[in-house]
Amino acid sequence: MRKRFYLFLTAFVLVFLGQAAPVRCSSYEAAYIPWSGWWWPFTEGGLVNGSGYNGRPAPLEKYDYVTSGVYNGPATSYGRSRYYDPGALDWEGLCFPWSAASILEEEPAHKGIYNGTRFNVGDKKGLLTAAYDGVFYNYYPIGTPEEFHRVLTDYIGSQRTPIIMDIGTDGEIWNHPVFKYETQYTQTVNRRHYTTTIRYVFDNVDPDYVGSRVLETTYSYYFDVDGEEITASGWEGESVATHPKNAREPYPYPSGTQGSNTGIDFDEVIKIVTADGDVYKGNNSFEDAATLSSGFYPLILSTRRVEDPTPGWVTDSDYFKVPMNPGDVLCVRVKALEDDQGVVLRIYDPDRRLLRETGIEGNGSGAQTVPIDVPGEFTIEISPAAQTGEEPGYELFLRQELAHQGIFVLDPSGTWANGLALLHPDGREGKTIISQMDRDGYIQAGYPVPPGVCHMVGHARTFGLSSPAKGYLLVDSDMPVLGLQAVASGNSLLLGSNMISRDNACADIFFPHFAVDSGWKTYWGLINIGEEGETVRLNAYDPSGKLLNTDTIPLAPGQKIEYDAAYTPVLSSARTMRAFTESGRESLVGYLKPYNPSTIGRCLIPVLGEWEPSLMVPHVASDDYWTTDIAVMNVGDFDSDVRFQAYNAAGEPIGIAEHRLAAKQNFAMEASELFSDVVPEEIASVRIEAGDEQPLCGVLMYGSRNGLQLAGMPLHAGGSATLCLPHLACYNGWWTGIGLLNPNDAGTDVSFSIFDQQRTLLSLTTRRLEANQRMAVTVRNLFGDELTVSAKYLKIESSDGSPVSGIYLFGSSNGFLLMGDAIGFN
Amino acid sequence: MMRKYSILLLMLPLICCMSASLGEAAVANSFSPVWRVGDHWTVKAVYRSYPDQGKWSEPVFWRYDIVERAQEGGMEYLIMEVRDREDRLKVSSRLVYRAEDLSLVRVEASKTRRGKEFVTVLACGGAAPVATEQTLTPYDTPVFPLICPSSLDFSVTKHVDQLKAVRTVRQEVRQVSGVEEMPGLSPGGDLIEVICTGKDELVFTQYWDTALPWPVYGENGNMKYWLVRE
């Protein structure tokens, strides 16, 4: 009996101890912890539309923009078909590619600027997630507890690498990177009851979240063992239904290959993801200040880790230096891009004395305009408004306003190409910068013309001015500069004009003619190129010169507006318009773009604040092919008899016409109709005079009768002893025509000189122009084929200093394209 | 367990002979590949890729090299190194075969994660089919020699922590011809088909050409691979 008792007692103790005491408790962890990221649910489509994140542009749109120049590019297009489905199940998303990315790639922990575009942490993680759509993997089904336990053992325990597990329940799939597990068991006789807790990284976080948010789940199961051999196994408790379904081990792409999204280049994604901060990172002191010139700079204030006195992140200031000369103006605008993350703008003189300080609130903007009176490097400091350890993003708009400025009023986007020609006729020293401005007057890009270049021709895009926003281009130079622009689309559309000198900006300008009859349309534009906001009054006049409507519009500094006259309320039934600043500041530049939608001819006409009682039409082309239209406006306050005197090519008067123009009234007519008694082909030039000294302004348009070719230009009063045409188009199917008038009472010798790009004289020829004589010639006829090929620009000078007046026309031999303007009048 | 393996090994020739005699009247066909130091070949492999289980990746080309014949503990081993041809994946394997019977005894699988190399050593035990795992480099290895026809059961032991899980894998060998049984392979001469199955699943399938050192085609749960004729 006692023997039986002892046997029972021994068995009880063994069983009790076996149940109560964990035999073994082990913990294993991978060599590194994956990072948390958003799982981009398909119902939202945040990767392609920004929903649930920062809105537009979405991560894939940003990717497309920096790689292909458009937001709706191939990566977004693919993503729209695969990552956005409003009818998807609410758990469907990109948890697996995120898990793969978080295992295989370092965590993007900082914002970064790539190709001028800011990528936030969420953008970067989103791109990595999309890039790992299509990742290779090894698959391990998990049906039995030993399969589950073995995957943990092999990967986390042995290899010390994380593994992806699908821990979804109820038919849902939720992949997570598992990086740690703790396991323990108790044993009863031959059954081991395991309790295993896995730790995995969570994906229900803000897309910009940095770090690893960890969750854990515990599973129960048993192994029946015979010695060391598992003879049976099973899940226990809730784990019967909730155990992981499978595990996958992802593998990185072989370099040069990519995932399912064929619009994504994996290597490009890695470049974006690893671009931390901005390109000037490290410019955190006066000594390390980065040198800038005019341009738009998307920037980020970077952080650095400090341990004293309290561990944390500190946001450093950015420093930039800008070389300036006396007489220049330093124009700086800053936009703070984050909510609640303001910045402070400070500008220092070359001796590091603080000149100005401007606080800028989160999502706000601020500006400083500093006239420069000493030479040297001025320093711009951008500092965080408060130390929050954040990385505030901001945009810096910097323009060095130099002594000489010009404006190209058009900067079209899309299929239009913006051809530019610049010439420093007197040589070049110092800086020349072309700035691309958007319609709000914010600089988008700057192109410093390389030192020593006196003549340059090219498309704006080739100069890095690749962000056209239908704004305009500003040219700043330390030296006098001339230019012209030719805006073209395909082989059939062209319009262009001279660069408008900043000196031509004025407080009061007149639009002398809106072509809105007979199917014509006219766009009109106005730019405030001053440094102050302006209130601009618009007075519209009817065909009789009566004030029809008035309007007042605000124009911010640098702002440009452009409207179709037919859809401008103030211009309803109007024929002319006056625009003037209430402040009286000379800050307005205007232009007209007439065109006939039924043909392809169109032109660009600068509208200058220049009016005189006498205007000249230095060249009239009127025959079976060409027409010349003249529009004149009496901008004075009194009625006036306006006299039109026609001359033939030899300078002999051949016809007179008189029209009475009321104040603000205009008159527009084809030259051949104006002088109905004169043979049209004989009209070579026209002089327009207001009988009672009332000021006139006007425009001139040359066109082909088939409507394909059209060129327009403002009418000017006089001429100059020296004219300069900064570009010649004389080959590859182009011709350059010149109409030159000697408006004086005496004859003069006129020299024509062509130069190459290095300002070397190629050829000079002289012609005699008698009083009122007009000369019409092509450059090729003047100099021959061989010389004109290498000629870049033309100078025209009268021998005795008497003024001559001229126009140029660039035309294509195929009869489609034409543009022109006055020679050297800007 | 060792005793079980020993018995199996001892019985192997007998089982093979029985299978062969029962299966076909023709002369038993026994095949083992011939590997010599300096031999090399290329294998093209594709893998499952997210999200579609049925979708396969772009191909990866693996170069196999017999790099060494080594002696260890009185036994001779052939060392085979496998790495991707362009060295783009940063994944490689070093496979140790017993020279005597070409049984795979050890796999040293190397991969790179976040710039750091991770090496896993898998001991295979020998005398049983080995299926590729924990790497992308295909190393499915049947038990040689392949005897046509034959059907043999082997015990395969997997370590689960300190425990072992034993399962039976059946290796079936037969001679086949015809492209329909060799997905992705052009028609050619007769081939030896090897199918290894577990309780409920396919472990791997291979097709061997007796003139070639590696199966002309194979597949397992994670990959398909082809010998590249160069």
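Cut-offs applied
- Residues numbered from 1 in each chain as written.
- Chains lettered and ligands numbered in written order.
- Predicted model: local features only at pLDDT ≥ 70, side-chain atom pairs only at ≥ 80, totals over all residues.
- Heavy atoms only, no water.
- Helix = DSSP H or I, 4+ residues; strand = E, 2+ residues; numbered from the N terminus.
- Buried < 20%, exposed > 50% of the residue type's maximum accessible area, 1.4 Å probe, protein only.
- Contact = heavy atoms within 4.5 Å.
- Areas by Shrake-Rupley, 256 points an atom, 1.4 Å probe, with all protein chains shown as cover.
- Buried area = accessible area lost by both parts, 1.4 Å probe.
- Salt bridge = Lys/Arg side-chain N within 4 Å of Asp/Glu carboxyl O.
- Polar contact = N/O pair within 3.5 Å; in protein donor to acceptor, adjacent residues only side chain to side chain.
- Nonpolar A, V, L, I, M, F, W, Y, C, P; charged D, E, K, R; others polar.
- Pairing = 2+ DSSP bridges.
- Axes fitted to C-alpha atoms, helices over the stretch in contact; angles between N-to-C directions.
- Parallel < 35°, antiparallel > 145°, perpendicular 65-115°, else oblique.
- Core = buried A, V, L, I, M, F, W, Y, C linked by side-chain atoms within 4.5 Å.
- Patch = residues over 30% accessible without salt bridge, like charges linked within 9 Å, V, L, I, M, F, W, Y side chains within 5 Å.
- Lys, Arg positive; Asp, Glu negative; His and termini not counted.
- Charge placed at Lys NZ, Arg CZ, Asp CG, Glu CD.
- pLDDT = per-residue confidence, 0-100.

Enquirer: Please explain the overall build of chain B as it appears in this structure.
Expert: When helices and strands are tallied, chain B shows one helix and 14 strands. Here chain B holds 230 residues, and 50% of them are scored as buried. Considering only contacts in chain B between residues 6 or more positions apart, those separated by 24 or more positions represent 45%. Roughly 10,700 Å² of accessible area belongs to chain B as shown, and the carbon and sulfur atoms make up 51% of that amount.

Enquirer: Could you clarify how one ought to interpret the interface of chain B and chain A in this entry?
Expert: Reports of interface size often rely on the accessible area that becomes lost once the parts have come together. Taken residue by residue, the interface counts 34 residues in chain B and 54 residues in chain A. Interface area for chain B against chain A, summed over the two sides, is near 3,800 Å², with a carbon-plus-sulfur share of 52%. In this assembly, chain B and chain A are joined by five salt bridges. For Glu 133 of chain B, the salt bridge identified is with Arg 150 of chain A, shortest N-O distance 2.4 Å. On inspection of chain B and its partner chain A, the count reaches 21 residue pairs in polar contact (both at pLDDT 80 or more). If you list the elements that add at least two residues to the side of chain B that touches chain A, you get strand 6 (103-113), strand 7 (116-123), strand 9 (150-160) and strand 10 (163-176) of chain B. Across the side of chain B that touches chain A, the residue classes break down as 13 nonpolar, nine polar and twelve charged. Relative to strand 10 of chain B, strand 9 (residues 229-236) of chain A runs parallel, the two being bridged by two bridges.

Enquirer: In this structure, what is going on with the sheet that holds strand 16 (residues 329-336) of chain A? I would like to understand it.
Expert: Sheet strands pair via backbone hydrogen bonds, and the direction of the pair is either parallel or antiparallel. Residue and element names in this part refer to chain A. Read from one edge to the other, the open sheet built from four strands follows the order 12-21-16-19, with strand pairing classed as antiparallel. Each edge of the sheet is formed by a strand with only one pairing partner; in this case those strands are strand 12 (295-300) and strand 19 (365-371). Each adjacent strand pair in this sheet contributes to an overall mean axis angle of 15°, direction not counted. Two elements, strand 12 and strand 21 (residues 393-401), share six bridges in a ladder whose sense is antiparallel. In the sheet register, Leu 299 faces strand 21, and the bridge partner there is Tyr 394.

Enquirer: Where do I start with the packing of helix 3 (residues 59-68) of chain A against helix 6 (residues 121-131) of chain A in this structure?
Expert: For any two helices packed against each other, one specifies the inter-axial angle together with the distance between the axes. All names here are of chain A. At their nearest, the axes of helix 3 and helix 6 sit 9 Å apart, and the two run at 85° to each other. On the basis of the axis angle, helix 3 is roughly perpendicular to helix 6. Only Asp 123, Leu 127 and Ala 130 of helix 6 make contact with helix 3, whose side of the interface consists of Pro 59, Leu 60, Lys 62 and Tyr 63.

Enquirer: Would you mind showing me how to read the pairing of strand 27 (residues 471-477) of chain A here?
Expert: Looking along a regular strand, one sees the side chains alternate between the two faces of the sheet. Residues and elements named next belong to chain A. The element strand 27 is extensively covered by neighbouring structure, given that seven of its seven residues are classed as buried. Where strand 24 (residues 432-437) lies against strand 27, six bridges are found, and the strand directions are antiparallel. Within strand 27, the residue paired with Ile 433 across the bridge is Asp 476.

Enquirer: Whenever I open this one, the nonpolar core confuses me. Can you help?
Expert: For soluble globular proteins, the rule of thumb is that nonpolar side chains tend to be buried together. One finds Trp 35, Trp 41, Trp 62, Met 80 and Trp 214 of chain B to be the most contacted residues of the largest nonpolar core, which totals 56 residues. For this core, the element with the highest residue contribution is strand 2 (residues 40-47) of chain B, accounting for five residues. If near-sequence neighbours (up to four positions away) are discounted, Trp 35 of chain B is found in contact with Trp 41, Ile 66, Leu 78, Met 80, Tyr 97, Leu 102, Pro 213 and Trp 214 of chain B. Ranked by size, the runner-up nonpolar core spans 46 residues in total, among them Leu 60, Trp 98, Ala 100 and Val 201 of chain A.

Enquirer: Just checking my understanding: could you explain a negative patch on the surface for this structure?
Expert: All names here are of chain A. Together, Asp 639, Glu 689, Asp 692 and Glu 693 make up a region of like negative charge exposed at the surface. Summarising the element assignment, Asp 639 is placed in the loop between strand 40 (626-634) and strand 41 (640-647). Overall, Asp 639 belongs to the partly exposed group, its relative accessible area being 35%.

Enquirer: Explain the sheet that holds strand 51 (residues 774-778) of chain A here, please?
Expert: Residue and element names in this part refer to chain A. Across the sheet, four strands lie side by side as 51-48-53-54; this open sheet has antiparallel pairing. The sheet is open, and its two borders are formed by strand 51 and strand 54 (818-822), each paired with just one other strand. Pairs of neighbouring strands in the sheet enclose a mean axial angle of 15°, with direction left out of account. Sheet topology note: the strand 48 (residues 734-741)/strand 51 ladder contains five bridges and is antiparallel.

Enquirer: Help me understand the confidence of the model for chain B in this model?
Expert: Reading fine detail from the predicted coordinates is not recommended where pLDDT is low. With 82% of its residues at a pLDDT of at least 70, chain B reaches an overall mean of 83. In this model, residues 1-28 of chain B is a region of pLDDT below 50 whose contacts with residues beyond four sequence positions or in other chains number 27 contacts.

Enquirer: Help me out: how do you make sense of the environment of Pro 543 of chain A in this one?
Expert: Residues and elements named next belong to chain A. When you line up the elements, Pro 543 lands in the loop between strand 33 (534-541) and strand 34 (547-555). Along the chain, Pro 543 and Gly 122 lie 421 residues apart, while their C-alpha atoms are 59 Å from each other. Aside from chain neighbours lying at most four places away, what touches Pro 543 is Ser 573, Arg 575, Gln 665 and Asn 666.

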